[in-house]
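Single-letter residue listing:
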Amino acid sequence: MAHSPRESGPLAPRGSTAPRLRASWQRSERYGVPGDEVTPVFSGAVDTESLLYDCGNEVLEGLHATLANEPISLMLTDAEGLVLSRMCGDMGITRSLDRVHLAPGFYFAESNAGTNGLGLALADRVPSLVRAGEHYCTSLRGYTCAAVPVLEPISGALAGSVNLTTWSEQSSELLLALAQTAAGHTSALMLARASGRQSRPAPRGEVYRMYADRLDPPRLSATWQHAVSEAPAAMRWGRTVLVTGEPGRARPRWRRSRAGNCTRANGCSTPARPPRRACRRGSRCGSPSWARTTPA
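### Side note on helix H8 (residues 222–236)
For an α-helix, the turn length of 3.6 residues means that residues three or four places apart are oriented alike. Here H8 spans 23 Å end to end across 15 residues, near enough to the 21 Å set by a 1.5 Å rise per residue. When the local axis directions of H8 are compared, the greatest deviation, roughly 30°, occurs at Glu 230, which is followed within four positions by the proline Pro 232. Looking at the residues trailing H8, positive phi occurs at Gly 238, about 80°.

The structure is reproduced here in structure tokens:
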């Protein structure tokens, strides 16, 4: 017989995200998930030929290389919560996750394992962080999980999730940010592969400092000026403010002059990133937006 949250832990999780967590606990109880142990369904078969698996693993392998000495387990799941892959260099947390079946081939959706990071992210389709006692099952309360949905880049359909799990006593400040970055890179890589293009390597070590007070103000139409003036009052009254616009249709081409300065070869209605090392401290650039951009 399933144990209710009343028997296995606090009545309801507390905190700023309590409404979502309470709703998840209620769903878990309706599913009949045991409150004292997690008993997920084992599939035994994982699709290793999918675009999600290929791109997600490539992204997670890169992240894993930077977290090799950290007790963080990186996982990729499909849209149903089936764990497709898991990477971790810490044998202690790996063996612990094996005992609760958070491993490839097991389903960890809410209906299988109760409230947990990846299950909540898939159910609500938003980034989710579930700490320690916020888990429905007591056997999962030794962990903190951060999960972010991965969306099909063309259709927008739910493809799966990226989940990062660590010990509950570890700091979780950056855990969700890392998961969001990995999920975004996975979706972008899926788009590149689906389009038949090779993805461009992510820039490394290039940081630019923007001085907002030195940039030329944007030119806005009368309609936009009215909207901008109305937005602060609307937000003070607690109203929802939605910003919409049109995508740009051109991309500037950059060229370097003999003096080492950079100029723009053609006009563009959207801001563009300057070429690598093109704008240096003290240089003059043709683009007003980037003329005062200097490396950090």
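### Remarks on the pairing of strand S5 (residues 158–167)
Of all 10 residues that make up S5, 9 are buried, and the element is covered over most of its length. Sheet topology note: the strand S4 (residues 143–151)/S5 ladder contains 9 bridges and is antiparallel. When the bridges of S5 are listed, Val 148 appears paired with Val 162. Hairpin remark: S4 followed by S5, antiparallel, with 6 residues in the connecting loop; positive phi at Gly 156, about 80°.

### Observations regarding the nonpolar core
Ranked by internal contacts, the top residues of the largest apolar core, which has 26 residues, are Leu 52, Leu 60, Leu 74, Val 162 and Leu 164. Elements with a contribution of two residues or more to this core: helix H3 (51–66), strand S1 (72–78), strand S2 (83–87), S4, S5 and helix H7 (175–194). Beyond its immediate sequence surroundings of up to four residues, Leu 164 is in contact with Leu 63, Ile 72, Ser 73, Leu 74, Thr 144, Cys 145, Ala 146, Leu 175, Leu 178 and Ala 179. Among the nonpolar cores identified, the runner-up in size contains 22 residues, and Met 75, Cys 88, Ile 93 and Ala 147 belong to it.

### Some points on the packing of aromatic side chains
The way to describe two aromatic rings as a pair is by their centre distance and the angle between their planes. Enumeration according to the criterion identifies 3 aromatic pairs in this entry. Look at Trp 25 and Tyr 136: their rings are 5.7 Å apart centre to centre, the planes differ by 85°, and that puts the pair in the edge-to-face class. Here Trp 25 is found in helix H2 (residues 18–31), whereas its partner Tyr 136 is found in the loop between strand S3 (128–131) and S4, with 111 residues between them in sequence. Given a relative accessible area of 1%, Tyr 136 falls into the buried group.

### Overview of H7
The end-to-end C-alpha distance of H7, which contains 20 residues, comes to 29 Å, matching closely the 28 Å that a straight helix rising 1.5 Å per residue would cover. Among all positions in H7, only Leu 175, Ala 179, Ala 182, Ala 183, Thr 186, Ser 187, Leu 189, Met 190 and Ala 192 are buried. Its buried side turned inward, H7 meets H3, S1, S4 and S5.

### Points about the sheet that holds S4
Through backbone hydrogen bonds, the strands of a sheet pair up, either in parallel or in antiparallel fashion. Taken together, the 5 strands give an open sheet; going across it, the order is S2-S1-S5-S4-S3, and neighbouring strands pair in antiparallel fashion. The outermost strands of the open sheet, each flanked by one partner alone, are S2 and S3. Here the average twist between neighbouring strands, direction ignored, is 20°. Examined bridge by bridge, S1 and S2 share 4 bridges and lie antiparallel to one another. Directly across from Leu 76, in S2, lies its bridge partner Ser 85.

### Structural notes on the pattern of salt bridges
Across all of its chains, the model carries 6 salt bridges by this definition. Here Asp 124 makes a salt bridge to Arg 27, at a shortest N to O gap of 3.8 Å. Taken together, the residues span a long stretch of sequence, with Asp 124 in helix H6 (residues 117–124) and Arg 27 in helix H2 at a distance of 97 residues. A residue is classified by how much of its surface remains accessible, and Asp 124, at 28% relative accessible area, is partly exposed. Overall, the relative accessible area of 17% leaves Arg 27 in the buried class. Salt bridges linked by common partners bring Arg 20, Arg 27, Glu 110 and Asp 124 together as one network.

The rules we used
- Residues numbered from 1 in each chain as written.
- Predicted model: local features only at pLDDT ≥ 70, side-chain atom pairs only at ≥ 80, totals over all residues.
- Heavy atoms only, no water.
- Helix = DSSP H or I, 4+ residues; strand = E, 2+ residues; numbered from the N terminus.
- Expected span 1.5 Å × (residues − 1).
- Bend = angle between axes of the 7 residues up to and from the residue.
- Buried < 20%, exposed > 50% of the residue type's maximum accessible area, 1.4 Å probe, protein only.
- Pairing = 2+ DSSP bridges.
- Core = buried A, V, L, I, M, F, W, Y, C linked by side-chain atoms within 4.5 Å.
- Contact = heavy atoms within 4.5 Å.
- Phe/Tyr/Trp six-rings, centres within 6.5 Å; stacked < 30°, edge-to-face > 60°.
- Axes fitted to C-alpha atoms, helices over the stretch in contact; angles between N-to-C directions.
- Salt bridge = Lys/Arg side-chain N within 4 Å of Asp/Glu carboxyl O.

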